[in-house]
Amino acid sequence: PDLASATVPAVAQAVKQLSNRVAIFVEPSPFSHVSGMKNRFECLIKCLRQAGDEVLVVTPDHKPPDEFCGAKVVNVLGFKPPFYSSPTLLLSTALSI
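Residues numbered from 1 in each chain as written. Predicted model: local features only at pLDDT ≥ 70, side-chain atom pairs only at ≥ 80, totals over all residues. Heavy atoms only, no water.

Asker: How should the nonpolar core be read in this particular structure?
Answerer: Core analysis: the largest hydrophobic core is formed by ten residues, namely Ile24, Val26, Phe31, Ile45, Leu48, Val55, Val57, Phe68, Ala71 and Val73. Listed by contribution, the elements that provide at least two residues to this core are α2 (36-50), β2 (54-59) and β4 (71-75). Beyond its immediate stretch of four places on either side in the chain, Ile45 contacts Ile24, Phe31, Val57, Phe68 and Ala71. (Core = buried A, V, L, I, M, F, W, Y, C linked by side-chain atoms within 4.5 Å. Buried < 20%, exposed > 50% of the residue type's maximum accessible area, 1.4 Å probe, protein only. Helix = DSSP H or I, 4+ residues; strand = E, 2+ residues; numbered from the N terminus. Contact = heavy atoms within 4.5 Å.)

Listed below in C-alpha coordinates is the structure:
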(Lines give C-alpha, C1' and ligand atoms only; values in the text may rest on other atoms or scores of the structure.)
Protein backbone atom coordinates (compact mmCIF):
# COMPACT_ATOMS: atom_id res chain seq x y z
CA PRO A 1 0.00 0.00 0.00
CA ASP A 2 0.95 3.63 -0.47
CA LEU A 3 1.82 4.56 3.12
CA ALA A 4 2.19 8.28 2.33
CA SER A 5 -1.57 8.67 1.81
CA ALA A 6 -2.76 5.89 4.15
CA THR A 7 -4.75 6.35 7.32
CA VAL A 8 -3.20 5.69 10.73
CA PRO A 9 -4.92 2.28 11.13
CA ALA A 10 -3.75 1.28 7.64
CA VAL A 11 -0.17 2.27 8.48
CA ALA A 12 -0.36 0.34 11.77
CA GLN A 13 -1.64 -2.73 9.94
CA ALA A 14 1.12 -2.45 7.29
CA VAL A 15 3.78 -2.14 9.99
CA LYS A 16 2.32 -5.12 11.86
CA GLN A 17 2.54 -7.21 8.70
CA LEU A 18 6.21 -6.25 8.38
CA SER A 19 7.09 -7.27 11.93
CA ASN A 20 9.66 -10.00 12.55
CA ARG A 21 10.39 -12.67 15.12
CA VAL A 22 13.88 -12.04 16.52
CA ALA A 23 15.95 -14.20 18.88
CA ILE A 24 18.96 -12.63 20.60
CA PHE A 25 21.59 -14.84 22.26
CA VAL A 26 23.70 -12.66 24.52
CA GLU A 27 26.47 -13.19 27.06
CA PRO A 28 27.17 -11.88 29.58
CA SER A 29 23.60 -11.03 30.45
CA PRO A 30 22.60 -7.42 29.82
CA PHE A 31 20.32 -7.71 32.86
CA SER A 32 23.04 -8.35 35.45
CA HIS A 33 26.34 -7.24 33.87
CA VAL A 34 27.05 -3.50 33.60
CA SER A 35 28.93 -2.46 30.45
CA GLY A 36 28.57 -0.50 27.22
CA MET A 37 27.24 -3.64 25.56
CA LYS A 38 24.49 -3.79 28.20
CA ASN A 39 23.23 -0.42 26.97
CA ARG A 40 23.46 -1.47 23.32
CA PHE A 41 21.50 -4.69 23.86
CA GLU A 42 18.85 -2.97 25.96
CA CYS A 43 18.43 -0.29 23.27
CA LEU A 44 18.29 -2.97 20.56
CA ILE A 45 15.56 -4.84 22.43
CA LYS A 46 13.56 -1.64 23.07
CA CYS A 47 13.81 -0.52 19.43
CA LEU A 48 12.82 -3.92 18.06
CA ARG A 49 9.78 -4.01 20.37
CA GLN A 50 8.82 -0.44 19.43
CA ALA A 51 8.96 -1.47 15.77
CA GLY A 52 6.46 -4.22 16.56
CA ASP A 53 8.87 -7.15 16.40
CA GLU A 54 8.46 -10.20 18.62
CA VAL A 55 11.71 -10.59 20.58
CA LEU A 56 13.15 -13.53 22.53
CA VAL A 57 16.32 -12.98 24.60
CA VAL A 58 18.38 -16.06 25.55
CA THR A 59 21.04 -15.47 28.20
CA PRO A 60 22.94 -17.40 30.91
CA ASP A 61 21.74 -15.07 33.66
CA HIS A 62 21.13 -16.74 37.06
CA LYS A 63 17.94 -14.76 37.71
CA PRO A 64 16.84 -13.02 34.51
CA PRO A 65 13.59 -11.08 34.38
CA ASP A 66 10.67 -12.93 32.78
CA GLU A 67 10.44 -10.10 30.26
CA PHE A 68 12.15 -6.85 29.32
CA CYS A 69 10.18 -4.14 27.50
CA GLY A 70 7.79 -6.79 26.24
CA ALA A 71 10.54 -9.18 25.09
CA LYS A 72 10.49 -12.67 26.60
CA VAL A 73 13.71 -13.55 28.45
CA VAL A 74 14.89 -17.16 28.82
CA ASN A 75 17.68 -18.47 31.05
CA VAL A 76 19.99 -21.17 29.66
CA LEU A 77 22.70 -23.31 31.21
CA GLY A 78 26.02 -21.54 31.61
CA PHE A 79 29.32 -21.82 33.40
CA LYS A 80 31.82 -19.54 35.10
CA PRO A 81 35.50 -20.43 34.53
CA PRO A 82 37.55 -20.04 37.73
CA PHE A 83 40.13 -17.87 35.92
CA TYR A 84 37.54 -15.54 34.37
CA SER A 85 35.98 -12.77 36.44
CA SER A 86 33.03 -12.23 34.08
CA PRO A 87 29.54 -13.44 34.88
CA THR A 88 28.32 -16.77 33.57
CA LEU A 89 29.07 -17.71 29.96
CA LEU A 90 26.87 -19.73 27.62
CA LEU A 91 27.41 -23.48 27.69
CA SER A 92 26.92 -24.85 24.19
CA THR A 93 26.86 -28.54 23.46
CA ALA A 94 26.35 -28.03 19.73
CA LEU A 95 28.94 -29.25 17.27
CA SER A 96 30.04 -27.34 14.18
CA ILE A 97 30.90 -29.49 11.21
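Asker: How should the packing of aromatic side chains be read in this particular structure?
Answerer: Each aromatic ring pair is specified by the distance between its two centres and by the angle formed by the two planes. One pass over the full model with this rule turns up one aromatic pair. Summarising the aromatic geometry, the rings of Phe31 and Phe68 are spaced 5.4 Å apart at their centres and angled 55° between planes, so their arrangement reads as tilted. Here Phe31, found in the loop between β1 (21-25) and α2, pairs with Phe68, found in strand β3 (residues 67-68); they are 37 residues apart in sequence, far enough to count as distant. The pair formed by Phe31 and Phe68 is uniform in burial state, with each residue classed as buried. (Phe/Tyr/Trp six-rings, centres within 6.5 Å; stacked < 30°, edge-to-face > 60°.)

Asker: Would you mind going over the sheet that holds β1 with me for this structure?
Answerer: Whether parallel or antiparallel, the strands of a sheet pair through hydrogen bonds between backbone atoms. Strand order in the open sheet formed by four strands is β1-β2-β4-β3, and the pairing between neighbours is mixed. This sheet does not close on itself; its edge strands, each paired only once, are β1 and β3. Pairing of β2 with β4 involves four bridges; the strand directions are parallel. Considered in β4, the bridge of Thr59 is made with Asn75. Contacting β1, β2, β3 and β4, α2 runs over the sheet at an angle of about 170° to β1. (Pairing = 2+ DSSP bridges. Axes fitted to C-alpha atoms, helices over the stretch in contact; angles between N-to-C directions.)

Asker: Help me understand the pattern of salt bridges, please; the structure alone is not making it clear to me.
Answerer: When the charged atoms of two side chains lie near each other, side chains of opposite charge can form a pair. This structure, assessed with the given rule, holds two salt bridges. With its nearest N and O atoms 3.6 Å apart, the salt bridge here joins Arg21 to Glu54. In this pair, Arg21 is assigned in strand β1 and Glu54 in strand β2, connecting sequence segments 33 residues apart. Put simply, Glu42 and Lys38 hold a salt bridge, and the shortest N to O gap is 3.0 Å. Of this pair, Glu42 and Lys38 are both found in helix α2, four residues apart, which corresponds to roughly one turn of the helix. (Salt bridge = Lys/Arg side-chain N within 4 Å of Asp/Glu carboxyl O.)

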